[in-house]
Amino acid sequence: MEFIDPEIEKYASENSTVEDPFLKDVAKITREKLDAPSMMVGHLEGMFLEMLVFALSPNRVLEIGTFSGYSSISMAKALKPGAVIDTLDFDEKHIHYAKKHIKEAGLEHVIFIHEGDARTTIQNLTGPYDFIFIDADKSSYEHYLNHSLKLLSQNGIIAVDNTLWSKRVLDPNDNTEDTVALRKFNQKVAENPNLRAVITTVRDGVTLIRKVN
Ligand SMILES: C[S@@+](CC[C@H](N)C(=O)[O-])C[C@H]1O[C@@H](n2cnc3c(N)ncnc32)[C@H](O)[C@@H]1O
């Protein structure tokens with residue numbers, strides 16, 4: 001799936017720090033073994049997340065939507081010693097590959113997978129988290145955001161993936177569940193006076209959110 005002009009994406013990728021060889025391998029295996037590999041953030045967005053983690057210097061990171069581990073491992077690259085990532089997923093095959101990749105990366109003591117429906121798991125977590133990356137089922141984004149705001153530390157940031165949804169948010173004839181949910185989510189976030197939010201046009205749209213009240 002193409003999210004932005006492929007020529008520009010190629011140029012940006014070629015003129016960024018080269019993709020980590022281990023992550024390149026994770027991406028290759030994900031493309032070979034799993035359906036819908038475009039769900040993976042990939043080189044540029046993975047490095048974007050790594051940069052955010054470096055800048056925020058979080059003690060605890062929460063990720064909703066592990067898939068094969070690419071984004072978790074990208075974020076772990078910039079974590080300070082002792083910091084951890086909790087990541088949530090419910091798909092057995094995705095969890096199998098994520099565990100394999102996390103183990104091979106030597107990050108078992110850093111990245112902890114919580115298996116089960118994230119809509120429930122998130123209700124049983126205890127904060128604070130300094131960085132939260134929401135990247136699971138789009139129709140639950142509002143639920144994830146509401147709980148994430150309770151778990152977020154005072155100076156924390158929430159990043160939400162796919163908020164431009166391959167431009168489908170602009171198509172008035174697209175009334176599929178995920179598109180409608182994302183349109184509603186984006187509007188609610190922008191209008192919430194307790195939040196500051198920006199949709200960055202990185203890949204498929206990454207909204208950055210912080211609390212102001
Ligand atoms: C877009 S992928 C995550 C991609 C990952 N962040 C990456 O870049 O490598 C979404 C993941 O969320 C998981 N997921 C979807 N709905 C879920 C739910 N209700 N509970 C737990 N996991 C869910 C899927 O199994 C899938 O692995």
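Preceding this section is the structure that the text describes.
Given the structure is predicted, the values throughout are model-derived calculations rather than measurements. Along every chain, residues carry numbers that run from 1 in the direction the sequence is written. Totals for whole chains, interfaces and linings use every residue, but because this is a predicted model, local features are given only for residues with pLDDT of at least 70 and side-chain atom pairs only at 80 or more, for both listing and counting. For side-chain calculations, the full set of non-hydrogen atoms in the structure is used, while hydrogens and water are omitted.

1. Quick word on the overall build of the protein chain
Note the following rule: Think of it this way: any DSSP run of H or I at least four residues long counts as a helix, any run of E at least two long counts as a strand, and we number them from the N terminus. Think of it in three bands: residues with accessible area under 20% of the maximum for their type are buried, residues over 50% are exposed, and the middle band is partly exposed, with areas taken using a 1.4 Å probe on protein chains only. In what follows, a contact means two residues having at least one pair of non-hydrogen atoms within 4.5 Å. Think of it this way: Lys and Arg go in the positive column, Asp and Glu in the negative one, and His and the chain ends go nowhere. Where a charge sits is defined by one atom per residue type, namely NZ (Lys), CZ (Arg), CG (Asp) or CD (Glu).
Across its full length, the protein chain holds eight helices and seven strands. C-alpha atoms of the protein chain, sized along the principal axes, occupy 40 × 40 × 35 Å. A burial count over the protein chain gives 48% of its 213 residues as buried. The contacts of the protein chain with a sequence gap of at least 6 include a subset with a gap of at least 24, amounting to 69%. Within the protein chain, one finds 24 positive and 32 negative side-chain charges whose respective centroids are separated by 3 Å.

2. As for unusual backbone geometry
Of the consecutive residues Gly127 and Pro128, the connecting peptide bond is found in the cis state with omega at -5°. Looking at where Pro128 falls in the secondary structure, it is placed in the loop between helix H6 (118–121) and strand E4 (129–134). Here Ser57, not a glycine, exhibits a phi torsion of approximately 50°, which is positive. Summarising the element assignment, Ser57 is placed in the loop between helix H3 (42–56) and strand E1 (60–64).

3. Focus on the pattern of salt bridges
Selection rule: Salt bridge, as applied in this entry: a Lys or Arg side-chain nitrogen positioned within 4 Å of an Asp or Glu carboxyl oxygen.
Going through the model one piece at a time under the given rule, you end up with 13 salt bridges. Between Glu45 and Arg203 there is a salt bridge whose closest N-O contact spans 3.5 Å. One end of the pair, Glu45, is in helix H3; the other, Arg203, is in the loop between strand E6 (195–200) and strand E7 (206–211), with 158 residues separating them in the sequence. Glu45 sits in the buried class, given a relative accessible area of 0%. Exposure remark for Arg203: the relative accessible area of 14% places this residue in the buried category. The shortest N-O distance in the salt bridge between Glu142 and Lys184 comes to 3.7 Å.

4. Some remarks on the nonpolar core
Going by this rule: To qualify as a nonpolar core, a set must consist of buried Ala, Val, Leu, Ile, Met, Phe, Trp, Tyr and Cys residues joined through side-chain atoms within 4.5 Å.
Met75, Leu79, Ile111 and Phe131 are the most contacted members of the largest nonpolar core, which totals 32 residues. For this core, the elements supplying multiple residues, two or more each, are helix H2 (21–33), H3, helix H4 (70–76), helix H5 (92–104), E4, strand E5 (152–161) and E7. Not counting residues up to four positions away in its chain, the partners in contact with Phe131 are Leu49, Leu52, Val53, Leu56, Pro58, Arg60, Val61, Leu62, Met75, Ile157 and Ala159.

5. Here's the deal with the packing of helix H7 (residues 141–151) against helix H8 (residues 177–191)
Cut-off, in case you're wondering: Axis definition: a line fitted to C-alpha atoms, limited for helices to the stretch in contact. Angles are taken between N-to-C directions and run from 0 to 180 degrees. Basically, the charged four are Asp, Glu, Lys and Arg, the nonpolar ten are Ala, Val, Leu, Ile, Met, Phe, Trp, Tyr, Cys and Pro, and anything else, Gly included, counts as polar.
Where H7 meets H8, the closest approach of the two axes is 9 Å, and the angle between their N-to-C directions is 30°. Taking contact as the criterion, the partners of Tyr141, Glu142 and Leu145 in H7 are, on H8, Leu182, Lys184, Phe185, Lys188 and Val189. When grouped by side-chain class, the residues that make up the contact of H7 with H8 number five nonpolar, no polar and three charged.

6. As for the pairing of strand E3 (residues 111–115)
Here is the rule we go by: Pairing between strands requires that DSSP locate at least two bridges from one strand to the other.
Pairing of strand E2 (residues 84–89) with E3, which is carried by five bridges, proceeds in the parallel orientation. Paired with Asp86 across the strands is Phe112, a residue of E3.

7. Description of the site of the ligand
Cut-off, in case you're wondering: Whether a residue is near a molecule or strand is decided by its heavy atoms; if any one of them lies within 4 Å of it, the residue is near. Here a polar contact is recorded for every N or O atom pair within 3.5 Å, except that within protein the pair must consist of a potential hydrogen donor and a potential acceptor, and residues adjacent in sequence are included only if both atoms are side-chain atoms. For accessible areas, the Shrake-Rupley method is used with a probe of radius 1.4 Å. Any residue's cover is judged against the shown protein chains and nothing else.
Taken together, the neighbourhood of the ligand is formed by 22 residues, with Ser71, Asp89, His94, Ala118 and Asp135 sitting nearest. The contact in question runs from an oxygen atom of the ligand to an N or O atom on the backbone of Val41, over 2.8 Å. A distance of 3.1 Å is found between a nitrogen atom of the ligand and a side-chain nitrogen or oxygen belonging to Asp117. Contact with the protein chains removes 94% of the 610 Å² of surface that the ligand exposes when unbound. Of all elements in the fold, only H4 and H6 reach the threshold of two or more residues within the shell around the ligand.

8. Description of H5
How we decide: To estimate the expected span of a helix, subtract one from its residue number and multiply by 1.5 Å.
Counted at 1.5 Å a residue, the expected span for H5 with its 13 residues is 18 Å, and the 18 Å between its end C-alpha atoms agrees. Where H5 is buried, its residues touch H2, H4, E2 and E3. Put simply, Asp91 is the residue that caps the front of H5, since its side-chain oxygen is 3.0 Å from the backbone nitrogen of Lys93. One or two steps after H5, the chain reaches Gly106, where phi turns positive at roughly 70°.

9. Regarding the side chain of His94
Tracing the backbone shows His94 in helix H5. Contacts of His94, omitting those with residues within four sequence positions, involve Leu34, Met39, Phe67, Ser68 and Asp89.

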